[in-house]
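Working through the structure, step by step
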Amino acid sequence: MKRSIALAFLMLAVVTIAAAQQQGNVVEYFGKEKVETIEEGRVIHHIRKGLLLNDAIRPGMLLGNQDVILWQLARDAWQSPIAGDTLVAHFPQGTARLQWTEIEADSNHLFTGMQRGWLYADYKSKEEKIVLLDATGNTLTLVNGLPYEGDHYDYGYTLHPIKLRAGKNEFLFSYGRFQRLKASLIEPEKPVMLLRRDMTLPPLLFNDPADGWAGIRLLNATDKDLTGLKLTVMLETGETALSELQSVPAMSQRKVVFRVPALRSATEKEKIEARLQLTDATGQLLHSISIQLKVQDAKRHHERTFVSRIDGSVQYYSLIPSLTDKPGQPLVLSLHGASVEATNQTRAYKAKDWTHLVAPTNRRPFGFNWEDWGRLDAFEVLDQARRVWKTDTLRTYVTGHSMGGHGTWVMGGTYPGMFAAMAPAAGYPDIIGYRRTGSDTAFFDQPHFKMLYASALHARMKNYADNYVQTPLYVLHGDADEVVPVQQARQMREILASVHPNMEYYEYPGGTHWYGDESMDWPPLFEFLKKHSLKAVARRDTLQLTTANIGVSATTGWITIMQQQDNGSLSSIRAIRSHGKITVNTSNVRALSLSDEAFKGQEIRHLVIDGKRLKVNNKRYFVRTGRGWKPIEKPELIEKHPDRNGGFKTAFDHGFVLVYGTGGAAEECKWNRRRALFDAEAFLYRANGAPEVIADTLFKNENYPGRNVILYGNADNNLAWDKLLIHAPFRAGKGYVKLGSQRMDGDNLGYYVLYPMPGTKNNVVGMVGGSGMPGMRAAVQNHYFSGITAFPDVLIFRADWLLKGPEGINASGFFGYDWEVEMGKLEY
């Protein structure tokens, strides 16, 4: 174990320090084998020759990329290149003269040397036919101008059914993490197949037998949506389970959910064979494969699976039970580093005799830096582990290494009062400060970029010293770390040392980024955790919280910020309970609430908020008015609150469904459908997700209770728009976009917008589309699935934003507390 982890972090160091020299696939060393074989059909064409346009992309962080090729396509200015063709790209950082050059793959069909650019290739088909595109190493694929998710991390998972047209077909591949590409076309063995690539499988547990949840990619290489399918699982030991599967759109794939039966008797085997049989609604067999399931002991290191509320997908997590069976033990939440599997994370620890330990996945080995869906995954797994072990909630700790160290800084600094202690190892507090590279530096003074930065303020962790001081802190870092330099830890020590009452800091002499399992499993770190516990909420007399987005963090102890005055700015609250009096001081807070725990333990006779004395009664909600604070029964349902506060990325939660428009011209309908599928593919690849994709003609709100909806298209071509957004202050149609009283005309306007779903408490509607084909193509990028980016409630842009960045944005910002424009914070 020590050797494999050491090799892993050695490779990570190579990746970070000398990215230009990357040759190996890091993922191979971190517990996830790359798919190297093709069993889904016959290869009919390897892409061996092409044209390369390097330096065509300027990578950003908060903003996303500036990309001259996507800009050309959005403006309908794309022309098939020939060798030697040049183009002039007027990037914000300066003008670049670029040239298409010939490139040829090596004997293994591998292209190398892709440096922030695109590779173009074409293929002439004698007839229209359905094939599978198997491409690895690129971030984005365009097939005849339509977007498909790439394979940025070179996993070998991605397999897209595409329909070749008779004659010339054009392929564009953008560069990926390792600056290499391999692509081929496959004639599928069957039109409908179960894929062994990228399965999420539960182990068969003894000492705790229960059915488990599993996820498998179901490929639909037909022109019809698949519905009514069933999957039967038959173990070699005789147990069976039957599952009804989710729908799979035509010409796509989806990671469907099924049940695996538990072992009913003990076995000495380490693996059990399972036969999977896929049948249609009539019972006809469509496909059958065999897989292997691990057998694990629930009293030792093992894995479990669950169905996520985010999107209905199956996720796994890894556990180390305590060596003792004592009930109500503590729980350590351990967050893994970039490209590390949760299975490898737990196996770097020795089991303890006083605590359980659990490691979530961050949705993928690279995941979301433990922000956004990575943070939500950590909370879901924390809840799962507490159900398994019924742990002491006052003794929950968070730790992690590298990217997981960053996650520890994020979790501990965002949620004071949640963890009894925190211990980042080799972590960086702020990914922007750690990776300040790319094109963003050119935009720091631009008003729209400032709005994007404000959207990400919740992740600028150096702003949250007041939160950190409430949680006992142990910092571990190797003083010879060249991957995450020790200066990252020293910066936080400088910020916190004079104000933190309970902080220990240790630099491991000569320690690199990984110096063995003690890089995480460091005895003094665990001894520090062990000696700390939280007070029960009702016994906490002093509370403090700083937050930038109440949708991320709003509560500490018995007090909650219900609304902010100014979204995108820091809000803070400090409450002291003493001698029968609660005194609250706030900054940038419009509404707050007190839970019943605030009034337990002592009789509260006086309540003072920002100097205003209020009568103590049974009202628990308070709102700021022009004359100070006053109690209210409850905030209005339609207003912003912690469970529905924005910005745009929060649409992809609560079992979200992607609804594409079919009511426009043929080109618009084709784009809307592919754009929705592109997001589904991206969420599958980046978040191990399984979102549902349907046409607007099939959408009925009553069939999707409690679920968010993302609409692709506009009010003129998506038939679901007026069912959900007839009273919204934002509207887009053919040739225009309207925000409040502001109307913008033209067919080149794209947008990402969020608005509450009427009649619901927590659900929202997201909008991805444009005012015409140029605007729809301007919205091709889905950088909102990055753990670094952030988007406000409203972002309206022209096609030029693909090249000019924020200079191409028309409007950005936040709706007001009432989800209207007038009280909002908007930049035009």
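Preceding this paragraph is the structure being described.
This report concerns the structure included in the present document. Note that the structure is a prediction, hence the values are computed from the model and not measured.

Taken in spatial order, the 5 strands make up an open sheet running β32-β35-β36-β38-β39, and their pairing is mixed. Each end of this open sheet is capped by a strand with a single partner; those strands are β32 (542-547) and β39 (612-614). Across the sheet, the mean angle separating the axes of adjacent strands is 15° when strand polarity is ignored. Bridging between β32 and strand β35 (residues 571-578) involves 6 bridges; their strand directions are antiparallel.

This part is about the pairing of strand β6 (residues 94-99). Bridge analysis of strand β5 (residues 86-91) against β6 gives 6 bridges, and the strand direction is antiparallel. Among the inter-strand pairings, Ala-89 is bridged to a residue of β6, identified as Ala-96. Counting the residues in the hairpin turn of β5 and β6 gives 2 residues.

Attention now goes to the pattern of salt bridges. A side chain with one charge may pair with a side chain of the opposite charge, provided their charged atoms come close. Here the structure, examined in full by the defined rule, presents 38 salt bridges. Residue Asp-198 is joined to Lys-255 by a salt bridge in which the shortest nitrogen-to-oxygen separation is 3.4 Å. Taken together, the positions of Asp-198 in strand β16 (residues 192-200) and Lys-255 in strand β21 (residues 252-260) put the pair 57 residues apart, joining distant regions of the chain. For Asp-198, a relative accessible area of 6% gives the class buried. Between Glu-633 and Lys-619 there is a salt bridge, with the nearest N and O atoms lying 3.8 Å from each other. One end of the pair, Glu-633, is in the loop between β41 (628-632) and β42 (657-660); the other, Lys-619, is in the loop between β39 and β40 (621-625), and 14 residues separate them in sequence. With relative accessibility at 27%, the residue Lys-619 sits in the partly exposed group. Taken together, the shared-partner salt bridges connect Asp-198, Arg-217, Lys-255 and Arg-364 into one network.

A few words on the packing of aromatic side chains. A full pass over the atoms with the stated rule returns 47 aromatic pairs. Seen in terms of ring centroids, Tyr-349 and Phe-526 are 5.8 Å apart; in terms of plane orientation they differ by 75°. Their pairing is edge-to-face. Taken together, the residues Tyr-349 in the loop between α3 (342-346) and β27 (356-359) and Phe-526 in helix α10 (residues 523-530) connect sequence positions 177 residues apart. Take Tyr-349 and Phe-526: they sit in the same class, and that class is buried. Ring centres of Phe-815 and Trp-819 lie 6.1 Å apart, and the angle between their planes is 50°; this geometry places the pair in the tilted category. Exposure remark for Trp-819: the relative accessible area of 0% places this residue in the buried category. The ring centre of Tyr-817 lies 3.5 Å from the NZ or CZ of Arg-590, which sits over that ring.

Time to look at the side chain of Arg-460. The topology assignment puts Arg-460 in the loop between α7 (447-455) and α8 (465-468). Only 2.8 Å separates the side chain of Arg-460 from the side chain of Asp-430, close enough to count as a polar contact. Apart from residues no more than four positions distant in its own chain, Arg-460 is found in contact with Leu-62, Asp-430, Ile-431, Ile-432 and Tyr-453.

The pairing of strands in a sheet happens through backbone hydrogen bonds and is either parallel or antiparallel. If you trace the 5 strands from one edge of the open sheet to the other, you get β33-β34-β37-β40-β41, paired in antiparallel fashion. Edge positions in the open sheet fall to β33 (555-556) and β41, since each of these has one partner strand only. In this sheet, β41 lies alongside β40 in antiparallel orientation, the contact comprising 5 bridges. Bridge pairing links Thr-625 to Gly-628 in β41.

Criteria and cut-off values
- Residues numbered from 1 in each chain as written.
- Predicted model: local features only at pLDDT ≥ 70, side-chain atom pairs only at ≥ 80, totals over all residues.
- Heavy atoms only, no water.
- Pairing = 2+ DSSP bridges.
- Helix = DSSP H or I, 4+ residues; strand = E, 2+ residues; numbered from the N terminus.
- Axes fitted to C-alpha atoms, helices over the stretch in contact; angles between N-to-C directions.
- Salt bridge = Lys/Arg side-chain N within 4 Å of Asp/Glu carboxyl O.
- Buried < 20%, exposed > 50% of the residue type's maximum accessible area, 1.4 Å probe, protein only.
- Phe/Tyr/Trp six-rings, centres within 6.5 Å; stacked < 30°, edge-to-face > 60°.
- Lys NZ or Arg CZ within 6 Å of the ring centre and 35° of its normal.
- Polar contact = N/O pair within 3.5 Å; in protein donor to acceptor, adjacent residues only side chain to side chain.
- Contact = heavy atoms within 4.5 Å.

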